[in-house]
Amino acid sequence: MSNEGINFNMADLGDALNEEARAGLVNALKNKLQNLAGEHTDMLENLSPNVRKRVEVLREIQSQHDELEVKFFEERAALEAKYQKLYQPLYAKRYDIVNGVGEAEGTPNEATMDQGEDKAAEGMILFILVLFCSIPSSLSLCMVIYAIMLYTEKGVPDFWLTAMKNNEVLSEEITERDEGALKYLKDIKWYRIEEPKGFKLEFYFDTNPYFKNTLLTKTYHMIDEDEPILEKAIGTEIEWYPGKCLTQKLLKKKPKKGAKNAKPITKTEDCESFFNFFNPPQVPDDDEDIDEDTAEELQNQMEQDYDIGSTIRDKIIPHAASWFTGEAIQADELEIEDDDEDDDVDEDEDEDDEEDEDDDDEDDEDDEEESKTKKKSSSAQKKSGRAQGEGQQGERPPECKQQ
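Anyway, here's the lowdown on the structure attached to this text. Numbering of residues starts from 1 in every chain and runs along the sequence as written. Totals for whole chains, interfaces and linings use every residue, but because this is a predicted model, local features are given only for residues with pLDDT of at least 70 and side-chain atom pairs only at 80 or more, for both listing and counting. The basis for every side-chain value is the complete set of non-hydrogen atoms in the structure, without hydrogens or water.

Core analysis: the largest hydrophobic core is formed by 43 residues, its most contacted members being Phe203 and Phe275. Only DSSP runs of H or I with at least four residues qualify as helices, and only runs of E with at least two residues qualify as strands; both kinds are numbered from the N terminus onward. Broken down by element, this core gets its largest block of residues, six residues, from helix H9 (residues 292-316). By the convention used here, residues are in contact when the closest approach between their heavy atoms is within 4.5 Å. Residues contacting Phe203, with those up to four places away along its chain left out, are Leu185, Asp187, Ile188, Thr214, Leu215, Leu216, Phe274, Phe277, Phe278 and Ile312. Put simply, a nonpolar core is a bunch of buried Ala, Val, Leu, Ile, Met, Phe, Trp, Tyr and Cys residues held in one set by side-chain atoms that sit within 4.5 Å of each other. Residue burial is assigned from relative accessible area. The probe radius is 1.4 Å, only protein chains are included, and a residue is buried under 20% of its type maximum, exposed over 50%, and partly exposed in between.

Here it is, written out as structure tokens:
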């Protein structure tokens, strides 16, 4: 089925399409099939009448299938929209707890334990403050700072940073330099977009010393959401504070001896960083401007970029707590192992096929060798007969001993 001819509204966040809209989609689908039929008339005309009749029945079955597929897309969009709404209150509670806006509500027993822990922490703080006057100033200052940290600690520090670092795909993108900025990450959200089709990621940051933005976004425009086929990606331009850019590094080069300018030469160079994610690879407007190798490299970059975005959307956002604790790592590894086992089975089958082909080739070689031997034997026998007739000993040549 052609992707160009069927452009379904899969991300509809409202009610399912009404009957009139559904009829329009079905008619558009039928028109496309009719157009395709016109393009392949020559092929159908070359078929015998009986076969052509069967193909027409198959086309009608295909049309019925496509009508059901339209309904499937509608119901899936409505079901997804329904559960996205149900998830939102849970995500809101998670945000409050992670950022210290609200406290976690547990069972009565858990609440009693929490109160006991709070009292113990308060007792520790009071104990430290009592010692303040009797300890040298430098040490007492450190202890007071520690006490203040205990008292003011809120939420779950480094929640999103830890969750992302525990994921294999994302951990490869996060450098040590990035961690300082990602500690200020407060929340990650995503939602579908309609025109054009695709989805958008939103990263909410607290005020930080690295960049001015409090919201960074990444938008993916898809040609086909089901395949998926990525058309392009757009990221927020980050407003870095002077000297804080994490996607570039300053290189200082000492001047040559005897140079008039004794100051070191500085230049900037691009470097690896998670924040390169917001500056995705761009496809040139004219494909003829790039050669085959460049096009392949660009394709690989776009696939890697989409892999990062879909990992954040499908794994990190819905299962952030499990990634923070590390529980999701084992499940993800099991999934990868299953995929590897499937690949191994395919490779074993390919190897078996190759071995069978090698065996067949060897059998063919043996048959050829045997045929040649018989020919040699026959020729030798004739020669032997002639030799005996001429009065020689008439011993059989070595070829004949193999019979």
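Turning to unusual backbone geometry, a few remarks are in order. Cis geometry marks the peptide bond from Glu195 to Pro196; its omega dihedral reads -5°. You can see Pro196 is positioned in the loop between strand E1 (185-193) and strand E2 (198-205). Non-glycine residue Asp158 carries a positive phi angle of around 60°. When you line up the elements, Asp158 lands in the loop between helix H5 (137-152) and helix H6 (159-165).

For the rest of this paragraph, the subject is the side chain of His221. Here His221 shows up in strand E3 (residues 215-224). Residue His221 is classed as buried on the basis of its relative accessible area of 11%. When neighbours within four sequence positions are excluded, His221 is seen to be in contact with Ile193, Pro196, Lys197, Leu230, Glu231, Lys232 and Ile234.

When a carboxyl oxygen of Asp or Glu lies within 4 Å of a side-chain nitrogen of Lys or Arg, that pair is called a salt bridge. Enumeration over the complete set of coordinates arrives at seven salt bridges. Lys197 is the salt-bridge partner of Glu194, the closest N and O atoms lying 3.5 Å from each other. On the basis of relative accessibility, which here comes to 28%, the residue Glu194 falls in the partly exposed class. Lys197 sits in the buried class, given a relative accessible area of 12%.

On to the pairing of strand E5 (residues 248-253). E5 sits mainly on the outside: zero of its six residues count as buried. Direction of pairing for E5 relative to strand E6 (residues 265-270): antiparallel, over a ladder of six bridges. Directly across from Gln248, in E6, lies its bridge partner Asp270. Pairs of strands are assigned from DSSP output, requiring at least two bridges between the strands.

Glancing now at the packing of aromatic side chains. To describe a pair of aromatic rings, one takes the distance between the centres and the angle between the planes. Two rings belonging to Phe, Tyr or Trp (six-membered ring only in the last case) form a pair when the distance between their centres is within 6.5 Å. Interplanar angles under 30 degrees mark stacking, angles over 60 mark edge-to-face geometry, and anything in between is tilted. Enumeration according to the criterion identifies 22 aromatic pairs in this entry. Ring geometry for Phe199 and Tyr306: centres 6.3 Å apart, planes at 70°, overall edge-to-face. Residue Phe199 is located in strand E2, and its partner Tyr306 is located in helix H9; the two are separated by 107 residues in the primary sequence. Note on Tyr306: relative accessible area 17%, which makes it buried. Taking the centre distance of 5.2 Å and the plane angle of 85° together, the rings of Phe203 and Phe278 count as edge-to-face. Of the two residues, Phe203 sits in strand E2 while Phe278 sits in the loop between E6 and H9, which places them 75 residues apart along the sequence. Just as Phe203 is buried, Phe278 falls in that class too. An aromatic cluster of at least three residues, connected via ring pairs, comprises Phe203, Phe205, Phe211, Trp240, Phe274, Phe275, Phe277 and Phe278. We note Lys218 situated over the ring of Phe277; from NZ or CZ to the ring centre the distance is 3.5 Å. Only Lys NZ and Arg CZ are tested; either one counts as a charge over a ring when it is within 6 Å of the ring centre and within 35 degrees of the ring normal.

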